[in-house]
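# Examining the three-dimensional arrangement
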Amino acid sequence: MPRYPERPGDIFEDFIEDYRRIFGRDLVNIVLYGSAAGADYQPGRSDINFLIVLTDEGIEHLDHAFETVDRWLKRRVAVPLFVTEAYIQGSLDVFPIEYLDMKRRHTHVYGRDVLGALSFEPEHVRLQCEREIKGKLLLLREGFLQTRGKVRELEALIKESLPAFVALFEALLFLKDMEIPVTKRDVLRAGCGAFDLDAAVFDELLAIREGRSKPGADQLVDLFKAYLKTVRKLALIVDSWGG
């Protein structure tokens, strides 16, 4: 058995069996989500993320999964996100971006596909977009100053911060009733096109995150300043939509 699956689907049968053994009838749904459910999956590098939906009774016995979670961690399967259906329905107004991303990029693995039936209120999505973009802008400014312009720290900040903007652009495209592309690169480009942002900035940020570009310190500082300017423009745009 390989340590890291070449394809996420290779582990589905064993994964289902492990959690059926633990939770039995309390296991409602297993869903693969994130990059492992899309075209961006990279064996050995991408985490494999599962959403596991349990009954109200089953969620009270998570301790039964201690050993199973630990064993799958060794095969680069992240700790699953354990929820109930009631939790999901009660969270759609608070975390619509996260569930929207899961719904459009997931693979049904077992049980009843809970995500497939979800619907979203546009105003809930808009409010979270505004909150997240403004919050990210403050964190990016703080992080930028903490790097003191050092290459390694700037690269780490870019790699850590960029994935959130993929999900944000997906949500913003949803609000504009536009087609949402499949790959991260295309999502970023589509988002920039929809809001008249400089796509070259996000192309270079993604190239750094993927290890395809290694600019020097001065170039990185200039790029990050452009990153901040672009996010600030996006914050103003979303703010202008009102409530």
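These notes cover the structure that comes with them. (Residues numbered from 1 in each chain as written. Predicted model: local features only at pLDDT ≥ 70, side-chain atom pairs only at ≥ 80, totals over all residues. Heavy atoms only, no water.)

### Some words on the packing of aromatic side chains
- Across all of its chains, the model carries 15 aromatic pairs by this definition.
- A centroid spacing of 5.8 Å and a plane angle of 65° characterise the contact between Phe165 and Tyr227, whose relative ring orientation is edge-to-face. Linking Phe165 in helix α6 (residues 151–175) with Tyr227 in helix α9 (residues 217–240), this pair joins segments that are 62 residues apart in sequence.
- The class of Phe165 is buried, set by a relative accessible area of 0%.
- With relative accessibility at 0%, the residue Tyr227 sits in the buried group.
- Ring centres of Phe202 and Tyr227 lie 6.0 Å apart, and the angle between their planes is 80°; this geometry places the pair in the edge-to-face category. (Phe/Tyr/Trp six-rings, centres within 6.5 Å; stacked < 30°, edge-to-face > 60°. Helix = DSSP H or I, 4+ residues; strand = E, 2+ residues; numbered from the N terminus. Buried < 20%, exposed > 50% of the residue type's maximum accessible area, 1.4 Å probe, protein only.)

### What to know about the layout of surface pockets
- For the largest pocket, the calculated volume is near 820 Å³.
- Along the wall of the largest pocket there are 26 residues; nearest its centre are Ser35, Pro163, Ala164, Lys184 and Arg209.
- Looking at the lining of the largest pocket, the elements with two or more residues in it are α4 (96–104), α5 (122–147), α6 and α8 (199–209).
- Counting residues per element, the lining of the largest pocket draws most heavily on α6, at six residues.
- Grouping the constituent residues of the lining of the largest pocket by class yields eight nonpolar, six polar and 12 charged.
- If you go around the second largest pocket, the residues you meet are Lys136, Leu139, Leu140, Glu142, Gly143, Gln146, Glu153, Ala156, Leu157, Glu160, Ser161 and Ala164.
- Contributing elements (two or more residues each) for the lining of the second largest pocket: α5 and α6.
- A class-by-class count of the residues in the lining of the second largest pocket yields five nonpolar, three polar and four charged. (1 Å grid on protein atoms, 1.4 Å probe; cavity = no way out; pocket = protein on both sides within 12 Å on 5 of 7 lines; lining within 4 Å. Points joined across faces, edges and corners; volume = space filled by probe spheres on them. Nonpolar A, V, L, I, M, F, W, Y, C, P; charged D, E, K, R; others polar.)

### With respect to the pattern of salt bridges
- Enumeration over the complete set of coordinates arrives at 18 salt bridges.
- Residue Arg71 is joined to Asp18 by a salt bridge in which the shortest nitrogen-to-oxygen separation is 2.9 Å. Here Asp18 lies in helix α1 (residues 12–23) and Arg71 lies in helix α2 (residues 66–73), a separation of 53 residues in the sequence.
- The partly exposed category is assigned to Arg71, whose relative accessible area is 41%.
- For Glu130, the salt bridge goes to Lys134, with nearest N and O atoms at 2.7 Å. With Glu130 and Lys134 both in helix α5, this residue pair falls four residues apart, about one helical turn.
- In this structure Glu130 comes out as buried when scored by relative accessible area, which is 15%. (Salt bridge = Lys/Arg side-chain N within 4 Å of Asp/Glu carboxyl O.)

### Digging into the sheet that holds strand β2 (residues 49–54)
- Strands sit in the order β3-β2-β1-β4 across an open sheet of four strands; the sheet is mixed. Looking along the sheet, the strands with just one partner apiece sit at the ends: β3 (81–84) and β4 (106–111). Across the sheet, the mean angle separating the axes of adjacent strands is 20° when strand polarity is ignored.
- As paired strands, strand β1 (residues 27–33) and β4 are joined by five bridges and run antiparallel to one another. Pairing of Tyr33 across the sheet is with His106, part of β4.
- Across the sheet, α4 is in contact with β1, β2, β3 and β4; its angle to β4 comes to roughly 80°. (Pairing = 2+ DSSP bridges. Axes fitted to C-alpha atoms, helices over the stretch in contact; angles between N-to-C directions. Contact = heavy atoms within 4.5 Å.)

### A few points about empty space enclosed by the protein
- Tallied over the entire structure, the rule returns one cavity of 30 Å³ or more.
- If you add up the space inside the largest cavity, you get close to 30 Å³.
- Lining the largest cavity we find Leu162, Pro163, Val166, Lys184, Leu206 and Arg209.
- Counting only elements with at least two residues in the lining of the largest cavity, the list comes to α6 and α8.
- Counting residues per element, the lining of the largest cavity draws most heavily on α6, at three residues.
- For the lining of the largest cavity, the per-class residue count stands at four nonpolar, no polar and two charged.

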